[in-house]
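Remarks on the overall topology
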Amino acid sequence: MNYTVTRKGALLPALWLTALSAAVGLFVWLFFSFAAGAIAFLLLAALSFALPFLHRLHYQVRVIPGELTADRGFFVRVLRRLPLRCVTGVVCLSTPLGRLLDASVVVVYTSGTALLLIGLSLADAERLRLALTVGGDPS
Amino acid sequence: MNPVRLHPFHFLKYIKYGLILCVIPILRAVLAFDIAAAWLAFTQDLLILLACAGILVTLWQASSAGLADGVLTVRQGVLARRPALYRACMVSAVEVCRPLWYRLFGAARVRVHFKAGGGLRRVELVLPVRQARQLARALVPATAAANFFEPVGMDRLIFVLLSANILATSAFSVLAVRRIAKLVGQDVGALALGGITQMEHLLAAFLPAGLSLLAAVLLFFLALSLLASLLRTYRFTATRSGGVLLCRGGLLTHTERRVLVSAITASALRITPTARLLRRCPVYVSAGAFRGDDLPILALGADNAPVLQRLLPEFCLPQEPLCDPRRKSPPQYLWKPGSLSLLLAALLVVSLRTVPAVAPLLGLLLCLALASTLCNLEGIFKEGFCKNANRTFTLCYCRGLTRHVVSLYTNDLSLTITRMPQAASAGRCDLRFHTPSRHTYRLRGVEFYRARALKFNL
């Protein structure tokens, strides 16, 4: 079972990061100048908009026998491996913006760490949740 | 164990700010030997103190803790009652701590740590002493057995030296002094500075001016950390009986730890500079949510290594090489300490000409940076992992001045494999092991194909 992030799914974190860039730009504007704030916002927004789309190019979440793997990243590749029997909980979050874009946030908990997956489609998130908790592949 | 009421100290956390508000002015007046002002403050705060006492009594009367049919039940709350149930079979370790002021009032703090797999990691209760011991015995029963580690004489001194944590003790003492000065108004720091100044005058007879102050400060914090370690390891004994590891010790704070050997997830040997000098290294164990990284259970030397294998049957020395040094990247290990060493060396050369008073401090920092560089150089040859025949993992990594050798006994692990662009092209990665006790062990320069091929099953 393979799950990837669609373009709309990548748009969700891109918009969140852009909003954060706007907050940083506002902060810089208040303490320095409008020009500095605008430059800070534009630079951060360009970066934060591009990164999720680059990130999704190699994004792959797989459920293989006994293991969940999540391979992500563009410049720095990160591969997470979790044994299925050690998964203690799965949380699927969908915000109004996420539902509009058909993107969700999935958090997979084990006893020592948690895995955050942003941008999976709502259907994929539900399939992944069932695969991790019930152990079956819903048809 | 029949249900008993929790000790009133358990509920101090709800009224502590009210108490601090009332007690601090009284304490300040008493320390200034102004009894009239102390009495006035007491009468002014009497109503608040009575209200706090009333809250305490109400909460205390509505509380209970009991163990029956393998379930620990804790009831708390007055308006919103909260019975909490914990299964005794999920317990991995129990700690019973009795700080000095708890002992004055017959209280003991019990921390129950749980095994991996659940959302709850630990629960903390304050019970009367007898009931606390009874609960600990009921949750993790241990039969009487001979101590496998009871340091006396030189072994005791070695154990004190190995258990001392200079950085943590120094940071804690500085924060405590500032807190006391803020709350009580007594500048305890001035007393300490007075002592350091006297020591500096003594050392100035043998050392240059800048170095004598530095040496005085270092000796002061070293003495403080050794004192803390001495108090913590007073009459320390470690016993293994019936599958339970039982450690007791402490002068001001009596601590008893009961750890289920079957629930132990990792053991760590820390080869610090002190350990290298003394040829003994401290052994720490963690079990489920119990981290156990503040006090070792054993000081292991080359001559008593079988003791650790008897204690932890799954422990074994690595059966194959942990890494291939030829495939490592030296800059990955040496760039941080090496660049820091170069910077400090340059600053030292400049300071010898311009600001000679700072030179001793820079010299000391340069020595530490060079020591860290050497330790990281050792990491090129030793840092790595292997899976043993008994399906446990052995890891070795270097941080700062310490080499850590960790044995993992659990299959409840998760891995993070990080590849930087240059390392990825060379087939290397950084590998992190995440354990149930929330320890993360990071290994640098591991071969990607080995990390990818790791199997979880034990």
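Residues numbered from 1 in each chain as written. Chains lettered and ligands numbered in written order. Predicted model: local features only at pLDDT ≥ 70, side-chain atom pairs only at ≥ 80, totals over all residues. Heavy atoms only, no water.

For chain B, the name recorded in an unreviewed UniProt entry is PH domain-containing protein, with Anaerofilum hominis as its organism.

Going by what an unreviewed UniProt entry lists, chain A is known as PH domain-containing protein and is assigned to Anaerofilum hominis.

Next up on the list: the interface of chain A and chain B. Size of an interface: often given as the accessible area lost when the parts come together. With 19 residues of chain A at the contact, the number on the chain B side is 27 residues. Around 1800 Å² of area is buried between chain A and chain B when both sides are counted, 49% of it from carbon and sulfur atoms. Sorting the residues of chain A by area buried against chain B places L79(A), R81(A) and S111(A) first, and these three jointly supply 38% of that buried surface. The tally of links between chain A and chain B comes to zero salt bridges. Counting across the interface, chain A meets chain B through nine residue pairs in polar contact (both at pLDDT 80 or more). For the side of chain A that touches chain B, the secondary-structure elements that each account for two or more residues are β3 (67-72) and β4 (77-83) of chain A. Per element, the largest residue contribution to the side of chain A that touches chain B is seven residues, and it comes from β4(A). Along the lines of polarity and charge, the residues of the side of chain A that touches chain B split into seven nonpolar, five polar and seven charged. (Contact = heavy atoms within 4.5 Å. Buried area = accessible area lost by both parts, 1.4 Å probe. Salt bridge = Lys/Arg side-chain N within 4 Å of Asp/Glu carboxyl O. Polar contact = N/O pair within 3.5 Å; in protein donor to acceptor, adjacent residues only side chain to side chain. Helix = DSSP H or I, 4+ residues; strand = E, 2+ residues; numbered from the N terminus. Nonpolar A, V, L, I, M, F, W, Y, C, P; charged D, E, K, R; others polar.)

What follows is about the packing of helix α1 (residues 7-31) of chain A against helix α2 (residues 34-55) of chain A. All names here are of chain A. Running from N to C, α1 and α2 cross one another at 165°; their axes reach a closest spacing of 8 Å. Regarding the angle of α1 to α2, the classification is roughly antiparallel. Considering how the two elements wind past one another, α1 and α2 form a crossing that is right-handed. For the contact of α1 with α2, the class distribution of residues is 19 nonpolar, five polar and one charged. (Axes fitted to C-alpha atoms, helices over the stretch in contact; angles between N-to-C directions. Parallel < 35°, antiparallel > 145°, perpendicular 65-115°, else oblique. Left-handed = near helix turned anticlockwise from the far one by under 90°.)

Before going further, it helps to examine helix α12 (residues 330-353) of chain B. Residues and elements named next belong to chain B. Here α12 is 24 residues long and its end C-alpha atoms lie 33 Å apart, about the 34 Å a rise of 1.5 Å per residue gives. Every buried residue of α12 is accounted for by Y333, P337, G338, S341, L344, L348 and S351. Against the buried residues of α12 lie α13 (359-382) and β19 (440-447). (Expected span 1.5 Å × (residues − 1). Buried < 20%, exposed > 50% of the residue type's maximum accessible area, 1.4 Å probe, protein only.)

The next subject is the packing of helix α1 (residues 12-31) of chain B against helix α2 (residues 35-44) of chain B. Residues and elements named next belong to chain B. For the pair α1 and α2, the least separation of the axes is 8 Å and the interaxial angle reads 170°. In this view, α1 runs roughly antiparallel relative to α2, as classed from their interaxial angle. Each of P25, I26, A29 and V30 in α1 lies in contact with α2, whose residues at this interface are A37, A38, A41 and F42. Partitioned by chemical class, the residues of the contact of α1 with α2 number eight nonpolar, no polar and no charged.

Once that is clear, we can look at the UniProt feature "transmembrane region" (unreviewed entry) in chain B. Residue and element names in this part refer to chain B. When the UniProt feature table is mapped onto this chain numbering, "transmembrane region" (unreviewed entry) sits at residues 20-42, 48-72, 157-176, 213-231, 333-352 and 358-377. Along residues 157-176 the backbone is 90% helical and 0% strand, and the end-to-end C-alpha distance reaches 27 Å. Split by type, residues 213-231 is 100% helix and 0% strand. Its first and last C-alpha atoms lie 27 Å apart. (UniProt positions renumbered as here; feature names shortened; annotations may be inferred.)

All names here are of chain B. Assigned domains within chain B: domain 1 (8-139), domain 2 (144-151 + 233-315) and domain 3 (154-232). The gap between the C-alpha centroids of domain 2 and domain 3 is 27 Å. Each partner contributes to the interface: domain 2 provides 22 residues, whereas domain 3 provides 12 residues. The junction of domain 2 with domain 3 conceals about 1400 Å² of combined surface from both sides, 68% of it contributed by carbon and sulfur atoms. The largest per-residue losses of area from domain 2 upon contact with domain 3 belong to P151, T233 and L278, which jointly make up 40% of the total buried on that side. On the surface where domain 2 and domain 3 come into contact, there are one salt bridge. Of the charged contacts, one joins D155 and R280 as a salt bridge, the two residues approaching to 3.4 Å between their closest N and O atoms. (Domains from an automatic or database assignment.)

Quick look at the nonpolar core now. Counting 72 residues, the largest nonpolar core has L127(B), L139(B), L245(B), I264(B), L308(B) and L312(B) as the members making the most contacts within it. If you look at the next biggest cluster of nonpolar residues, it comprises 21 residues, including Y397(B), C429(B), L431(B) and F433(B). (Core = buried A, V, L, I, M, F, W, Y, C linked by side-chain atoms within 4.5 Å.)

Residue and element names in this part refer to chain B. A cluster of basic residues, K16, R178, R179 and K182, forms a positive patch at the surface. Residue contributions to the positive patch peak at three residues, all from helix α7 (residues 166-184). When you line up the elements, R178 lands in helix α7. A relative accessible area of 59% places R178 in the exposed class. (Patch = residues over 30% accessible without salt bridge, like charges linked within 9 Å, V, L, I, M, F, W, Y side chains within 5 Å. Areas by Shrake-Rupley, 256 points an atom, 1.4 Å probe, with all protein chains shown as cover. Lys, Arg positive; Asp, Glu negative; His and termini not counted. Charge placed at Lys NZ, Arg CZ, Asp CG, Glu CD.)

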